[in-house]
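Breakdown of the fold
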Amino acid sequence: MVATKKIQNKITSVAKDVLLAPVYLYQGRKIKRDTVRLLEPNGERHGHIQLNKSINTSKNDSKQTLNLMIVGDSAAAGVGSETQQEALAGKLMPILEQQPAIHTQFDALNWSLQATTGHTSFDILRRLYVLPAPSQPIDVMVLSVGVNDTTTSVSVDKWQQQIEDIIAIAQRKFGVRELIFLSLPPMAQMPAIPAPLSNFVGAKAAILDEMLQQVCAAHDRVTYMATDFKRMIAEHSNGTPIDIAVMFASDGFHPSSLMYGYWAQQLAELITQLLNPSSAEFNG
């Protein structure tokens, strides 16, 4: 009975999409034509931060360097912000730099950003193949991927295989200690995408996101980070209802600098926990 109901729901959904296909096509073309094209922000895409400023540190007490790499699409590249300092990488590094749990283990932080607007999971996989192997293993690799796979209609099977391949090369070639995949954004709520197309795209994104969660759960040292939008809005609004649109940039599609800030805070918490599991709480 349950299986029959699921089949009926699937048939109904497919039939609805077939009927609305011309609307989806029209709205998709209109978005491409009318949406403001935001450029990737200028700014540093790699850096070195000295965590222990003391010159009296004993050689016997020397610690490791934390090597961090952010890889992915336009969200990883910071599109939607004016500069890299206002983007994900630029907001994440100062937060990590302030954490005692990070200072306990590391003397320095090396970071790099490898991200390009429009990149799909296949593009990211290809980029990881082309990049030279690092001189030192990457402690944490953060991946932002999925939006472009959604808009280019990558199949679920292809998506799953390419995520598996990304994990394999990240761990084999880059020696990644902790791999973090960021969840897909709530595409149904993006101001730039009107209904009914928003519902269609949102449903596709949700399917890919669910598969991403399953793949991450099946691998050791691979973590799926669900972006806590409810927490972001609650902290920003201070109890006053606000429009989720404030979390998006002027194009209604990419994250705003505000969202990058909350995103970086949540990501910093997770990185700190993964690198220091004994830490009882995050020191903000």
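That block above? That's the structure.
So, here's what we can say about the structure.

**With respect to the side chain of Thr 227**
For Thr 227, the location among the structural elements is in the loop between strand S6 (222-225) and helix H9 (229-237). Each residue touching Thr 227, except ones within four places of it in the same chain, is listed here: Ser 183, Met 232, Trp 263 and Gln 266.

**Here we look at the packing of helix H3 (residues 88-97) against helix H10 (residues 257-275)**
Where H3 contacts H10, the axes come no closer than 8 Å and their chain directions differ by 45°. On the basis of their axis angle, the class for H3 and H10 is oblique. Note that H3 runs across H10; the crossing there is right-handed. Here Leu 88, Lys 91, Leu 92, Ile 95 and Leu 96 of H3 come into contact with H10, specifically with Ser 257, Tyr 260, Gly 261, Trp 263, Ala 264, Gln 265, Leu 267, Ala 268, Ile 271 and Thr 272. Class assignment for the residues of the contact of H3 with H10 results in 10 nonpolar, 4 polar and 1 charged.

**What about the sheet that holds strand S3 (residues 106-115)?**
With respect to topology, 6 strands assemble into an open sheet ordered S1-S3-S2-S4-S5-S6, the strand pairing being mixed. Only two strands of the sheet have a single neighbouring strand rather than two, namely strand S1 (46-50) and S6. In this sheet, adjacent strand axes meet at a mean angle of 15° when their direction is disregarded. Relative to S3, S1 is paired through 5 bridges, and the arrangement is antiparallel. Its bridge partner lying in S3, Ile 49 is registered against Leu 109. Docked against the sheet, helix H7 (residues 156-173) engages strand S4 (140-144), strand S5 (178-182) and S6, running at close to 150° with respect to S5.

**Looking at the pairing of S6**
Alternating residues of S6 divide into Val 222 and Tyr 224 and Thr 223 and Met 225, and every residue in both groups is buried. In the sheet, S5 pairs with S6 via 4 bridges, with the strands oriented parallel. When the sheet's bridge partners are listed, Ile 180 is paired in S6 with Thr 223. Read from S5 through helix H8 (residues 197-217) to S6, the crossover connection turns out right-handed.

**A few points about the nonpolar core**
With 75 residues, the main nonpolar core has Met 141, Phe 181 and Ile 271 as its most contacted residues. Those residues in contact with Phe 181, other than ones at most four positions away along the chain, are Leu 143, Val 145, Ile 163, Ile 166, Ile 167, Leu 212, Cys 216, Val 222, Thr 223, Tyr 224 and Met 225.

**Considering the pairing of S5**
When you tally the buried positions in S5, you get 5 out of 5 residues, the bulk of the element. On S5, burial covers both faces: Glu 178, Ile 180 and Leu 182 on one face and Leu 179 and Phe 181 on the other are all buried. Inspection of the sheet shows S4 paired to S5 by 4 bridges, in the parallel sense. Bridge assignment links Leu 143 to a residue of S5, and that residue is Phe 181.

**With respect to the pattern of salt bridges**
Per the stated rule, a full pass over the model turns up 4 salt bridges. Two residues, Glu 40 and Arg 45, come together in a salt bridge whose shortest N-O distance is 2.5 Å. Residue Glu 40 is classed as partly exposed on the basis of its relative accessible area, which comes to 27%. A relative accessible area of 22% means that Arg 45 is categorised as partly exposed.

Criteria and thresholds
Residues numbered from 1 in each chain as written. Predicted model: local features only at pLDDT ≥ 70, side-chain atom pairs only at ≥ 80, totals over all residues. Heavy atoms only, no water. Helix = DSSP H or I, 4+ residues; strand = E, 2+ residues; numbered from the N terminus. Contact = heavy atoms within 4.5 Å. Axes fitted to C-alpha atoms, helices over the stretch in contact; angles between N-to-C directions. Parallel < 35°, antiparallel > 145°, perpendicular 65-115°, else oblique. Left-handed = near helix turned anticlockwise from the far one by under 90°. Nonpolar A, V, L, I, M, F, W, Y, C, P; charged D, E, K, R; others polar. Pairing = 2+ DSSP bridges. Buried < 20%, exposed > 50% of the residue type's maximum accessible area, 1.4 Å probe, protein only. Right-handed = clockwise from strand over helix to strand, strands pointing away. Core = buried A, V, L, I, M, F, W, Y, C linked by side-chain atoms within 4.5 Å. Salt bridge = Lys/Arg side-chain N within 4 Å of Asp/Glu carboxyl O.

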